[in-house]
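Topology and contacts: notes
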Amino acid sequence: MLPSPGPTLQFLGATGTVTGSRYLVESGGTRVLVDCGLFQGYKVLRERNWRPFPVPADSIDAVVLTHAHLDHSGYLPRLVREGFRGPVYCTRASRDLCGLLLPDSGRLLEEEARFAALKGYSRHARPEPLYDEEAARAALRQLRPIEFGRQFELPGGMSASFIVAGHILGAAQVTLTVAGRRLHFTGDLGRPADALLPPPAPLPPCDVLVCESTYGDRSHPHVDGETEIATVIRRVAARGGVAVVPAFAVGRAQELLLHLARLQQGGTIPRVPVYLNSPMASKATSLYRSHIGEHRLSAQDCDALFGIATIIEDVEASKALNRRRGPMVIISASGMLTGGRVLHHVEAFGPDPRNAILLSGYQAGGTRGAALRDGQRTLRMFGRNVDIRAEVVQLQSFSAHADADEILAWLARSATPPSSIYVTHGEPTAADTLRARMRRELGWNARVPDQMERVDLGVAADAARD
Ligand code: ZN
């Protein structure tokens, strides 16, 4: 008889890319998946969502989610549709956010499939969505919320716990104990001084660390967010322009509203109308109210957020905005211009040089947001080319991710270095730069794993101790 295999960790995603986070931990025939993300951005990555999952979905015993962003949670409905029946552990706020994000993702996938059918550009006669809204709602029934800091049991004698990551509401780092080995997943790490969220909790002692590297080759400039946004808004308002702000519905939209509210209250910017045109963002904003204590906002701050903006709910009101004149500010999703209502605003206001498009976060390669940031001034939208003559500003101070200096400082505070370190969730240069800096500045040996690479956790930990 074959000996029972030792614990292994396999990288099913987030290698060479910031999307598709999926890590498979196996021990004695039990399979636990940490994160279950969608691949996004370049087509070659998105196509991976359509490949069969590397192990049968019904052979996975449990899923543990670090946070609700789709590149960490968005494959879950598909996994359930393919037969996964186990529990999905996450924090309470992550469960609430998944309740918004996953059905919305299903709806968008359905729309894309319908659009592809209409335009006939799919290779398939009847293009099917990866999953639909109903499948997403079905997947939500498997979510099991767990408090921060509480150890919980997983199948196969494994256990896990969540600590604060400070990246978005509910975001967690996960420590998973398997066969006496402690594996720590940073998930996405937030910043030490964020306007909305607490700093990431210190790295606990662990044998194996899986560390994100989104900004592994960059330092965020030391710019004050409020000052930066005030400068742009004053400039655009003075010329009667419209500031279109593509923003992630969860986190970024609320951060922008908080700054705008404070700036208008302090008289630093004129009281131009502010519109929040994203039903998802307005629902996410109300979630901050129900999770007081998990972020830096008081109940009064939450009221100020709601007070400053006119919330646009229905499609007709959204279209009507495009007929209004500036000065005004429109915050709308998606943050990287991959879809959503903001595209209609960019189409309407992008051609006028009085207006401005304010990119407010990370722009993944292959997205319209990245194209604009890199100086491209023609965007393909709704099957036609749109010339962009509006001012394009990449806001520098907004990021939900720690930069390289912040990650290294966070690691350096750890009393005991991990025996093995894997650097993931970064484009190739970012991941390798962070790996090299860990070696040079901390004396820690790290490795950037390949897609589908599997490591023996016993061997991994012992080898690195030599
Ligand atoms: Zn994230």
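Computed from a prediction, not measured in an experiment: that's the story for all the values here. (Residues numbered from 1 in each chain as written. Predicted model: local features only at pLDDT ≥ 70, side-chain atom pairs only at ≥ 80, totals over all residues. Heavy atoms only, no water.)

Within this model, the second largest pocket holds a volume of roughly 340 Å³. Around the second largest pocket sit 21 residues that line it, and Arg191, Ala193, Val223, Gly225 and Ser397 are the ones nearest its centre. Sorting the residues of the lining of the second largest pocket by element identifies helix H6 (225-238), helix H7 (252-265) and helix H13 (404-412) as the ones contributing at least two each. Two domains share the lining of the second largest pocket, each providing at least three of its residues, namely domain 1 (8-218 + 400-465) and domain 2 (225-394). (1 Å grid on protein atoms, 1.4 Å probe; cavity = no way out; pocket = protein on both sides within 12 Å on 5 of 7 lines; lining within 4 Å. Points joined across faces, edges and corners; volume = space filled by probe spheres on them. Helix = DSSP H or I, 4+ residues; strand = E, 2+ residues; numbered from the N terminus. Domains from an automatic or database assignment.)

This paragraph deals with the nonpolar core. Generally speaking, soluble globular proteins have nonpolar side chains that are buried together. Among the nonpolar cores identified, the biggest contains 79 residues, and Val63, Leu79, Leu97 and Ile331 are the most heavily contacted of them. There are two domains that each give this core at least three residues, and those are domain 1 (8-218 + 400-465) and domain 2 (225-394). Look past the residues within four positions of Leu97 in its chain and what remains in contact with it is Ala68, Ile168, Leu169, Val250, Ala284 and Leu287. With 27 residues, the next largest nonpolar core counts Val34, Leu176, Leu183 and Leu457 among its residues. (Core = buried A, V, L, I, M, F, W, Y, C linked by side-chain atoms within 4.5 Å. Buried < 20%, exposed > 50% of the residue type's maximum accessible area, 1.4 Å probe, protein only. Contact = heavy atoms within 4.5 Å.)

Further remarks concern the packing of aromatic side chains. Using the criterion set out here, one finds seven aromatic pairs in the structure. Arranged with centres 5.3 Å apart and planes meeting at 50°, the rings of Phe11 and Tyr422 form a pair that is tilted. Taken together, the positions of Phe11 in strand E1 (residues 8-11) and Tyr422 in strand E20 (residues 420-424) put the pair 411 residues apart, joining distant regions of the chain. For the pair shown, Phe11 and Tyr422 are each scored as buried. Ring geometry for Tyr215 against Tyr362: centres 5.5 Å apart, planes inclined by 85°, an arrangement best described as edge-to-face. Highlighted residues: Tyr215 in the loop between strand E11 (208-212) and H6 and Tyr362 in the loop between strand E16 (356-359) and helix H12 (368-373), separated in sequence by 147 residues. Residue Tyr215 is classed as buried on the basis of its relative accessible area of 8%. What makes Tyr362 buried here is its relative accessible area of 13%. Three or more aromatic residues link up through ring pairs in this structure, and these residues are Phe11, Tyr23, Phe185 and Tyr422. Directly above the aromatic system of Tyr75 lies the positively charged group of Arg22, at a separation of 4.2 Å from the ring centroid. Sitting over the face of the ring of Phe39, Arg48 holds its NZ or CZ atom 4.9 Å from the ring centroid. (Phe/Tyr/Trp six-rings, centres within 6.5 Å; stacked < 30°, edge-to-face > 60°. Lys NZ or Arg CZ within 6 Å of the ring centre and 35° of its normal.)

This next bit is on the coordination of the zinc ion. At the metal site, the zinc ion is ligated by His67 (NE2), His69 (ND1), His167 (NE2) and Asp188 (OD), and these contacts range over 2.2 to 2.3 Å. Note that the zinc ion binds four donor atoms; their angles at the metal cover 89 to 168°, and the shape is irregular. We note that the donor set of the zinc ion lies within a single chain, spaced as H-x1-H-x97-H-x20-D. (Donors = N, O, S within 2.8 Å, 3.2 Å for Na, K, Ca; no water. Tetrahedral: all angles 85-135°; square planar, octahedral: opposite > 155°, others 65-115°.)

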